[in-house]
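# Observations on the model geometry
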Amino acid sequence: MKSQDIRSKFLSFFEDKKHSIVPSAPMVLKNDPTLMFVNAGMVPFKEYFLGNATPKSPRVTDTQKCLRVSGKHNDLDEVGYDTYHHTLFEMLGNWSFGDYFKKEAIAWSWELLTEVFGIDKDILYVTVFEGSEEDGLDMDIEAYDLWKQHIPEDRILKGNKKDNFWEMGDQGPCGPCSEIHVDIRSAEEKAKVPGKDLVNQDHPQVVEIWNLVFIQFNRKANGSLETLPNKHIDTGMGFERLCMVLQGVQSNYDTDVFTPLIREIETITNKKYGQDKMTDVAIRVISDHVRAVAFSIADGQLPSSTGAGYVIRRILRRAVRYGFTFLDKKEPFIYRLVDVLSEKMGHAFPEIKTQKTLVENVIKEEEQSFLRTLDQGLVLLNRIVEETKGDTVSGEKAFELYDTYGFPIDLTGLILSEKGLKLDEKGFNEELQKQKERSRAASEVNADDWVIVKEDAETEFVGYDTLETNVKITRYRKV
Ligand code: ATP
Ligand code: MG
Ligand code: MG
Ligand code: MG
């Protein structure tokens, strides 16, 4: 089944169950001080859950563009290295705003997966919330009993707060959830380890596909839970993961959501996907990141040096760097993928079609300017190499290149090794640590998504770096 048909089948299934189909909201949030990007399908409906606004229809279904690159839900470090976390992904959802609750949500999810999509019941597992002492919550017996009507009890697993209590962030609507996982390993692999031991263990073929959240609480600023006046259903299914299951492939990147982009990258770079580890990582990174960047621009968020624009700029630079390092692309090329993207996604998300030229131009310019930075860095690195006595470049010098000129440290390491030189990594890390301490001291709060970059803070891009060294962007609480 083609991805396009999978998407429409999902929507029409819920339309038949009296849901109105609504379009995806823009991914970039402009007026929410608590969140930068839509990171889940429920975000645009937050006010309905809180009872501050009334929806036109109590039942809604959609596919929402989500971005998980900052804050509580940040998957960026995984992207490219695993096969099922993306920066931008589509979250298919069905919603009940104070209308139906667990019974229907569970029954319909099961009907859709097993009857409409025909997924074999024997590859599915479900989880229920085991309860949480700190929140004074018991196990979700109601969900457990409902699942028992559909699936054998040994396939219903209990999960902790981390996996089975869904929260958008530190505050806001939340509640216990039940997740549906698939085990798409071969029979041989299954005989070795039971699937239930691999659920939520980061196995690339035992993955979560759908989360059914039973929203009944609001997490207040002081951390306590208050019961909401009405109970709601919020479900989110990863579209690309569903396509992986239904198309019988082992990776989201082998679905028709990604293969056209990957073929185009292969053509442009003259590299092959599936032959070399880092080439593959680079191709996955680029095919993923171009979607995030293109849709952010189409939604009105241009790359910039502060706030959400800064996050977008860093994502694009991460893609450029992987292309530069592992695909030998020294000139702009990512912008050339927008054409394929618009062809592939334009029918479901027309904004990418209407904004195509703008998106291409912005990406091209960003690529050019970052490639210039890389070029300048190379000149400086050559100078450092010439001045180096012995076989090791000092951590201090490498750090200067990284910190002042934005030259990525792993690239430095790679170039040095090509020249038969070593990098004093320990020295570099010490410098990095010192800098982290300096910036920690300078910031009031080292926080997450909730905060906005302080305009006058040091937010100019100084190395894109930190994505690779696991240092999160330091943002500052707005004062
Ligand atoms: P995971 O445990 O795999 O990281 P999650 O529990 O963080 O997923 P949810 O917040 O429950 O995910 O989101 C609902 C659904 O969205 C998931 O069941 C999954 O199918 C999909 N999903 C979540 N994160 C991503 C991502 N980064 N890329 C693609 N799909 C995702
Ligand atoms: Mg996650
Ligand atoms: Mg999970
Ligand atoms: Mg989940």
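Residues numbered from 1 in each chain as written. Chains lettered and ligands numbered in written order. Predicted model: local features only at pLDDT ≥ 70, side-chain atom pairs only at ≥ 80, totals over all residues.

- The name given to the chain in an unreviewed UniProt entry is Alanine--tRNA ligase, with the source organism recorded as Tamlana crocina.
- Reading the Catalytic activity (unreviewed entry) entry of the UniProt record for the chain gives the comment "tRNA(Ala) + L-alanine + ATP = L-alanyl-tRNA(Ala) + AMP + diphosphate".
- Under the UniProt heading Subcellular location (unreviewed entry), the entry covering the chain gives this text: "Cytoplasm". (UniProt positions renumbered as here; feature names shortened; annotations may be inferred.)

## Examining the overall build of the chain
- Per the secondary structure count, the chain includes 16 helices and 13 strands.
- Computed over its C-alpha atoms, the radius of gyration of the chain comes to 23 Å, within 12% of the 23 Å expected for a compact globule of 479 residues.
- The principal-axis extents of the C-alpha atoms in the chain amount to approximately 75 × 50 × 50 Å.
- A buried classification covers 43% of the 479 residues belonging to the chain.
- In the chain, the share of contacts with a sequence separation of at least 24, taken over all contacts with a separation of at least 6, comes to 74%. (Helix = DSSP H or I, 4+ residues; strand = E, 2+ residues; numbered from the N terminus. Rg over C-alpha atoms; globule rule 2.2 N^0.38 Å. Buried ≥ 20, exposed ≤ 12 C-beta atoms within 10 Å, placed from the backbone. Contact = placed C-beta atoms within 7 Å.)

## Examining the packing of helix α9 (residues 277–298) against helix α10 (residues 307–326)
- Where α9 meets α10, the axes come as close as 9 Å, and the angle between the chain directions of the two elements is 150°. Here α10 runs roughly antiparallel to α9, going by the angle between their axes. Here the hand of the crossing between α9 and α10 comes out left-handed. Counting all contacts with α9, which are made through Met278, Thr279, Ala282, Val285, Ile286, His289, Val290, Ala292, Val293 and Ser296, the residues of α10 involved are Ile312, Ile315, Leu316, Arg318, Ala319, Tyr322, Gly323 and Phe326.
- The class makeup of the residues in the contact of α9 with α10 is 13 nonpolar, four polar and one charged. (Axes fitted to C-alpha atoms, helices over the stretch in contact; angles between N-to-C directions. Parallel < 35°, antiparallel > 145°, perpendicular 65-115°, else oblique. Left-handed = near helix turned anticlockwise from the far one by under 90°. Nonpolar A, V, L, I, M, F, W, Y, C, P; charged D, E, K, R; others polar.)

## Concerning the site of ligand 1
- Near ligand 1 there are 16 residues, and of these His85, Phe89, Asn211, Gly236 and Gly238 occur at the shortest range.
- Broken down by element, the residue count for the shell around ligand 1 peaks at four residues, all from strand β10 (residues 206–219).
- Here the residues of the shell around ligand 1 are counted per class, giving six nonpolar, five polar and five charged. (Near = placed C-beta within 6 Å.)

## Here we look at the environment of Arg318
- Within the element layout of this structure, Arg318 appears in helix α10.
- According to the C-beta neighbour criterion, Arg318 is buried, with 25 such atoms within 10 Å.
- For the pair Arg318 and Pro408, spaced 90 residues apart in the sequence, the C-alpha separation amounts to 9.7 Å.

## Thoughts on the nonpolar core
- The biggest cluster of nonpolar side chains holds 111 residues, and the ones touching the most others in it are Phe37, Ile286, Val290, Val293, Ala294, Ala319 and Ile363.
- When residues of this core are assigned to domains, at least three map to each of domain 1 (3–250) and domain 2 (258–467).
- Those residues in contact with Val293 that sit more than four places away from it in its chain are Ile312, Ile315, Leu316 and Ile363.
- The next biggest cluster of nonpolar side chains, apart from the first, holds twelve residues, and it includes Ala398, Leu401, Phe407 and Leu416. (Core = buried A, V, L, I, M, F, W, Y, C linked by C-beta atoms within 7 Å. Domains from an automatic or database assignment.)

## Remarks on helix α11 (residues 338–345)
- Those residues of α11 not exposed but buried are Val338, Leu341, Ser342, Lys344 and Met345. One side of α11 holds all its buried residues, which, seen down the axis, span an arc of 165°.
- Elements that come into contact with the buried residues of α11 comprise α8 (259–269), α9, α12 (351–354) and α13 (356–387). (Arc of directions from axis to C-beta.)

## Structural notes on the pairing of strand β5 (residues 88–96)
- Buried residues dominate β5, accounting for nine of its nine residues.
- The sheet contact formed by strand β2 (residues 59–67) and β5 spans nine bridges and is antiparallel. Of the residues in β5, the one forming a bridge with Thr61 is Asn94.
- In this sheet, strand β11 (residues 225–238) lies alongside β5 in antiparallel orientation, the contact comprising four bridges. Bridge assignment links Trp95 to a residue of β11, and that residue is Asp234. (Pairing = 2+ DSSP bridges.)

## A closer look at the domain arrangement of the chain
- Taken domain by domain, the chain consists of domain 1 (3–250) and domain 2 (258–467).
- Here the C-alpha centre of domain 2 lies 31 Å away from the C-alpha centre of domain 1.
- Listed as interface residues are 26 residues of domain 1 and, on the opposing side, 22 residues of domain 2.
- Every element with two or more residues in the side of domain 1 that touches domain 2 is listed here: β2 and β3 (69–70).
- Ranked by the residues each element gives to the side of domain 1 that touches domain 2, the list is headed by β2, at three residues.
- When its residues are assigned to classes, the side of domain 1 that touches domain 2 shows 13 nonpolar, nine polar and four charged.

## A word on the pairing of strand β7 (residues 156–159)
- Sheet topology note: the strand β6 (residues 124–129)/β7 ladder contains four bridges and is parallel. Along β7, the bridge assignment pairs Phe129 with Gly159.
- With helix α4 (residues 141–148) bridging β6 and its parallel neighbour β7, the resulting β-α-β unit is right-handed. (Right-handed = clockwise from strand over helix to strand, strands pointing away.)

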